[in-house]
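Understanding the architecture of this molecule
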Amino acid sequence: MSVLTSRPVVRWLVPVAAVVTVIGGGAALGRFAAEAEPSLPPRSAAQLLVDLQTARFEGLSGTVVQRADLGLPPIAGLLSDDGPASLLTGSHTLRVWHSGPKQQRIALVDTLGQRDFIRDGRDVWLWNSRTNTATHRVLADDEDVAVPPGVPATPQDAAAQALAAIDPTTEVSVGRAATVAGRDAYELVLAPRDAASLVHQVRIAIDATEHLPLRFEVFAEGGDRPAFEVAFTQIDYARPDPDQFTFNPPPGVQITEKKGGWDHPESRDDEEQPDLRAVGTGWTTVLVAKVGDVGSAAAAEDVPDLDLLAGQLPAVQGDWGSGRLFRSDLVTALLTDDGRLIVGAVSPERLYEVARG
């Protein structure tokens, strides 16, 4: 399978969502343990881009660690312990297995239990050990499925989304060689030229022989340490045992049967369909969603009380209207009084421009 197989657009809405489309952070995080810089033959940025686009792998297994801190205000209920919002802060450990395009497994392990995404051919399972519940989906013969919301991005996912943003406003260069998970790697550096972007650099460490993204880092303007990073800490390119892709329901598990993938018409729930749209392209893409009156509590289970959120944010106003503004090093979010959430890795002025339009 291609290492740049991408996910569909984010569908689940939480305040400062865009965890896939715009990855950001407030407090700087320490880098994964540095290793000696290897000596590798020179390779241009163009060659590394070709390596990424043409790389193929039949199987792998490994451990991935993701670290993020969006600098969100300490509001009770803002970040749930389970679900997409929980991925916006802290550290998360994943075990991953791939064996061709139709066999994959991702296990998110945390202090509260384990969540597994398992695909074996047409059968797809989502299991939550904390609630001992599972969802089973059967795909059509020609249907594909992406990793669902609520599962952190791997270095491949994050790299694919960043590379999709490359356009004439992007400066592409080669960084220093690195050793990641015991593998020698080249470093591809992406830097937006658009002053409206809050991203300083994105650095992608690429396996020198297998050409797989091993580490993905985001740096804010003025930051010398990554504000977001996801990286393999251990990787093996051997095909995993087929038993890894067989789900054996534990005793007492509650199973829900659904048809097709996440976008199947009979599979979607109303709460999974917020009015969400993207404005702009590349590094300054902004997400706009209708969330109702910010003066009333959010009714959806996965959306925290917007009263509490708005009350701790500074009030702003202009010819676009009025609302509340959240700012961190890499993410800016605007909650307007007319019930819109506008968020992006951009300056406030860009959000006001979108709100005005």
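Just so it is clear, the structure is predicted and the values come from calculations on it, not from any experiment.

In this section: the side chain of Ser61. Its location among the elements puts Ser61 in strand S1 (residues 59-69). Accessibility expressed as a relative area gives 14% for Ser61, which makes it buried. Excluding its chain neighbours within four sequence positions, the residues that come into contact with Ser61 are Val96, Trp97, Gln234, Ile235, Asp236, Ala238 and Pro240.

Let's shift gears to helix H1 (residues 45-54). Among the residues making up H1, those that are buried are Ala45, Leu48, Asp51 and Leu52. Angularly, the buried residues of H1 cover 115° about the axis, an arc narrow enough to put them on a single face. Opposite its buried face, H1 presents the exposed residues Ala46 and Thr54, each directed more than 90 degrees away. Buried residues in H1 make contact with helix H2 (155-164), strand S7 (170-174), strand S9 (183-192), strand S10 (199-207) and strand S11 (213-220).

A separate point is the packing of aromatic side chains. Under the criterion given, the structure shown has four aromatic pairs. Ring centres of Trp125 and Phe247 lie 4.7 Å apart, and the angle between their planes is 35°; this geometry places the pair in the tilted category. Of this pair, Trp125 sits in strand S5 (residues 123-128) while Phe247 sits in the loop between strand S12 (228-236) and strand S13 (254-259), placing them 122 residues apart in sequence. Here the two residues Trp125 and Phe247 agree in accessibility, since each one is buried. A ring pair is formed by Phe216 and Phe228, whose centres lie 6.4 Å apart and whose planes are at 75°; its orientation type is edge-to-face. With Phe216 in strand S11 and Phe228 in strand S12, the pair connects residues that are twelve residues apart, well separated along the chain. Using a relative accessible area of 2% as the deciding quantity, one classes Phe216 as buried. Counting every residue linked through ring pairs, the aromatic cluster contains Trp125, Trp127 and Phe247. The positively charged end of Arg105 is found above the aromatic ring belonging to Trp97, 4.9 Å away from the centroid.

What follows deals with the nonpolar core. Where a protein is soluble and globular, its nonpolar side chains tend to be buried together. Ranked by size, the top nonpolar core spans 43 residues in total, and within it Val202 and Phe216 carry the most contacts. Ranked by residues supplied to this core, first place goes to S10 with five residues. Among residues more than four places away in sequence, those in contact with Val202 are Ala162, Leu188, Val189, Leu190, Phe216, Glu217, Val218 and Trp283.

What counts, and where the lines are drawn
Residues numbered from 1 in each chain as written. Predicted model: local features only at pLDDT ≥ 70, side-chain atom pairs only at ≥ 80, totals over all residues. Heavy atoms only, no water. Helix = DSSP H or I, 4+ residues; strand = E, 2+ residues; numbered from the N terminus. Buried < 20%, exposed > 50% of the residue type's maximum accessible area, 1.4 Å probe, protein only. Contact = heavy atoms within 4.5 Å. Arc of directions from axis to C-beta. Phe/Tyr/Trp six-rings, centres within 6.5 Å; stacked < 30°, edge-to-face > 60°. Lys NZ or Arg CZ within 6 Å of the ring centre and 35° of its normal. Core = buried A, V, L, I, M, F, W, Y, C linked by side-chain atoms within 4.5 Å.

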